[in-house]
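Report on the structure
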Amino acid sequence: MAFRARLILPLAAACALVSATDAPAPKPASAKLCTTCHTTAANNLRGHFDNLVLKNNSFQMKIDERTEVLRFDKNQVKVVTPEPAANAEAALKTIAKGHEVRVEYTEQDGVKTAVAVFAKPPVKLAAEEIATLDEVQKLVAMGPEQGKYFLFDSRPAPRFMEGAIPTAVNLPFPAFDKNLDKLPADKGALVIFYCSGKTCNMSPGSLAKAKKLGYTHAKVFVEGMPAWTRKHYGVLSPASLKAAYLDPNTPLVILDARPAAEAAKGFIKGAVAADPAKVADLLKTFPEARLKPPVVVVDATGGDAAKAVATELVKAGYVGVNILSGGFRAWQAAALPLETGALAAKATFVPKPRPGSISSAEFTKVAELTPAQRGVVILDVRNPDETKNGTIKGALTIPEPQLLARLAELPKDAKILCHCSTGIRAELAYHLLKEKGFDARFLPTEITIIDSGEFTID
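Residues numbered from 1 in each chain as written. Predicted model: local features only at pLDDT ≥ 70, side-chain atom pairs only at ≥ 80, totals over all residues. Heavy atoms only, no water.

What follows is about the overall build of the protein. Across its full length, the protein holds 17 helices and 21 strands. Each of the three principal axes of the protein carries a C-alpha extent, and together these read 80 × 60 × 60 Å. Across the 458 residues that make up the protein, the buried fraction comes to 44%. At a minimum sequence separation of 6, the contacts of the protein that also span at least 24 residues come to 66%. When the accessible surface of the protein is totalled, it reaches about 23,700 Å², and 56% of it is carbon and sulfur. A gap of 3 Å separates the mean positions of the 57 positive and 48 negative side-chain charges of the protein. (Helix = DSSP H or I, 4+ residues; strand = E, 2+ residues; numbered from the N terminus. Buried < 20%, exposed > 50% of the residue type's maximum accessible area, 1.4 Å probe, protein only. Contact = heavy atoms within 4.5 Å. Areas by Shrake-Rupley, 256 points an atom, 1.4 Å probe, with all protein chains shown as cover. Lys, Arg positive; Asp, Glu negative; His and termini not counted. Charge placed at Lys NZ, Arg CZ, Asp CG, Glu CD.)

Should their charged atoms come close, side chains of opposite charge can pair. Applying the stated criterion to the full structure yields 26 salt bridges. As a salt-bridge pair, Glu 107 and Lys 112 come within 3.9 Å of each other at their nearest N and O atoms. Shared partners join several salt bridges into a network, and the residues in it are Asp 50, Lys 97, Arg 354 and Glu 427. (Salt bridge = Lys/Arg side-chain N within 4 Å of Asp/Glu carboxyl O.)

Pairing analysis gives two bridges linking strand β3 (residues 66–72) to strand β6 (residues 111–119), with the strands arranged parallel. Considered in β6, the bridge of Arg 71 is made with Thr 113. Sheet topology note: the strand β4 (residues 78–80)/β6 ladder contains three bridges and is parallel. Residue Val 80 lies in a different strand from β6, and its bridge partner there is Phe 118. Pairing of strand β5 (residues 100–108) with β6, which is carried by eight bridges, proceeds in the antiparallel orientation. For Arg 102, the partnering residue across the bridge sits in β6 and is Phe 118. Connecting β5 to the next strand, β6, in antiparallel fashion are two residues, including Asp 109 with a positive phi near 55°. (Pairing = 2+ DSSP bridges.)

Within helix α9 (residues 238–246) the residues assigned to the buried category are Pro 238, Ser 240, Leu 241, Ala 244 and Tyr 245. The arc that holds the buried residues of α9, viewed along the axis, is 150°, so those residues lie on one side. On the buried face of α9, the contacting elements are α6 (157–161), β11 (234–236), β14 (295–298), β15 (321–324) and α13 (327–333). (Arc of directions from axis to C-beta.)

Looking now at empty space enclosed by the protein. All told, the structure shown has one cavity of 30 Å³ or more when counted by the stated rule. Taken as a whole, the largest cavity encloses approximately 60 Å³ of empty space. What lines the largest cavity is Leu 33, Cys 34, Thr 36, Cys 37, His 38, Glu 100, Lys 120, Cys 200, Asn 201 and Met 202. Among the residues forming the lining of the largest cavity, the class breakdown is five nonpolar, three polar and two charged. (1 Å grid on protein atoms, 1.4 Å probe; cavity = no way out; pocket = protein on both sides within 12 Å on 5 of 7 lines; lining within 4 Å. Points joined across faces, edges and corners; volume = space filled by probe spheres on them. Nonpolar A, V, L, I, M, F, W, Y, C, P; charged D, E, K, R; others polar.)

As paired elements, strand β1 (residues 44–53) and β5 share five bridges and run antiparallel to each other. Bridge pairing links Arg 46 to Arg 102 in β5.

To continue, consider the sheet that holds strand β17 (residues 396–397). Picture the strands of a sheet paired through backbone hydrogen bonds; they go either parallel or antiparallel. Overall, parallel pairing links the four strands, which are arranged β17-β16-β18-β19 in an open sheet. Looking at which strands have only one partner, the edges of the open sheet turn out to be β17 and β19 (439–442). Examined bridge by bridge, strand β18 (residues 415–419) and β19 share four bridges and lie parallel to one another. Bridge pairing links Lys 415 to Asp 439 in β19.

Our next topic: the confidence of the model for the protein. Within the protein, residue pLDDT values average 91, and 94% of them lie at 70 or more. The model gives residues 1–23 a pLDDT under 50, and that stretch makes one contact with residues more than four places away or in other chains. (pLDDT = per-residue confidence, 0-100.)

This paragraph deals with the environment of Lys 219. The topology assignment puts Lys 219 in strand β10 (residues 218–221). Classification of Lys 219 by relative accessible area gives buried; the value is 15%. Once the C-alpha coordinates of Lys 219 and Asp 64 are considered, the two residues, 155 residues apart in sequence, prove to be 30 Å apart. Each residue touching Lys 219, except ones within four places of it in the same chain, is listed here: Glu 128, Glu 129, Ile 130, Ala 131, Glu 135, Leu 190, Val 191, Ile 192, Phe 193 and Leu 207.

This part covers the layout of surface pockets. Roughly 570 Å³ of internal volume is contained in the second largest pocket. Along the wall of the second largest pocket there are 24 residues; nearest its centre are Glu 68, Val 69, His 431, Leu 432 and Glu 435. Broken down by element, the lining of the second largest pocket gets its largest block of residues, six residues, from helix α17 (residues 424–435). Tallied by class, the residues present in the lining of the second largest pocket amount to eight nonpolar, four polar and 12 charged.

Right, let's get into the nonpolar core. Residues Leu 255, Phe 286, Val 295, Val 297, Leu 313 and Val 321 are the most contacted members of the largest nonpolar core, which totals 21 residues. Put simply, the parts of the chain that give this core at least two residues each are β12 (253–256), α11 (279–284), β14, α12 (304–315) and β15. (Core = buried A, V, L, I, M, F, W, Y, C linked by side-chain atoms within 4.5 Å.)

The phi dihedral of Lys 148 falls on the positive side, at around 55°, and the residue is not glycine. Within the secondary structure, Lys 148 sits in the loop between α5 (144–147) and β7 (149–153). Positive phi values are uncommon outside glycine, yet Ala 335 reaches one of about 55°. Residue class for Ala 335 comes out exposed when judged on its relative accessible area of 69%.

Given below as structure tokens:
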């Protein structure tokens, strides 16, 4: 018996070791940006508010590239927002998509239920510590030498590379102490920090560090990059354009404002011809502003032609418009790739699809087949009051709130295409199914279905 025990114990230990090694790594409870300033307690999540589905008492939040789905009881959940609201539902509706939130939750049978939602409030600073948009605009127009200021972007380098306020130097708050050499030697100089807007703590954190170092005229442009991009263009370097957009294949629009003959000798891949005198014509076929396409305008040196085009785009309501610092000559000097020939005449922009989504065309192609021909399960996650008016022929209907309890109705080895009426609940279903090991995708757009089973997709 003792001999058998000696055999069993090592085997048990080995199994435990294998289990520990094979166990999936715990999912991060906080977005990377949040960890700069905060720690996260157990049963808490920190990230960005995404889609709200009042019909299903649920919402999504993004934690970097990961999506969490949380349920809530509108009569019990506590919602704290900067401005008071009549009730929890009203408060949740005021939280903008992308706003930073902390969520306290309970979990049972794999379902997370929010018990408290805290929308991040605006930072609070003394009046003398705040630089207004008007003040920053005037200084940038003068330039550092004439305006006698130092402007620092406190955001992490990847955000800075996507575009920054002209004349700004990147001094990331997480690496502040390692980059003190970027600060001016004169501790009485006007120093201004900015970051990602009214709720971002990185520029106020930079201010606190600067004051401890003895800087007596330091301020924060609290409204930050969001306010700037609504009124003005930004700038980025050739290296930033390559690293932030071209290398990762991030969708964007590149406009070349040089004369056509000059541009034809060499241009950045994908560039579109943009005559500064004909911006109005360009805008007639330009991607819609609601799509928020990142735009980079290029001329020979980053001068007047690029500024003219960028300014007109901003006036037309486009945000995220940047000028290439140093222009095409700087791109050439960095020995970066060139194309030759004819530039594109029309700008196009297709936003990067949400993870797990299926295009309207692909969904339509499958849904128009007979159920026997599809090779996939079309899962309609709308509520009964919606499905009674019509469903796609052969679709399986399970309301999204019931999906977890009815997983047994889905074939485990089948491919599943989820849809609702707008795409929001379909995405909730996709994340739940993916978590449970199903091969699922979702239709992210609006779909209308009539009683004959025919459908139209917006």
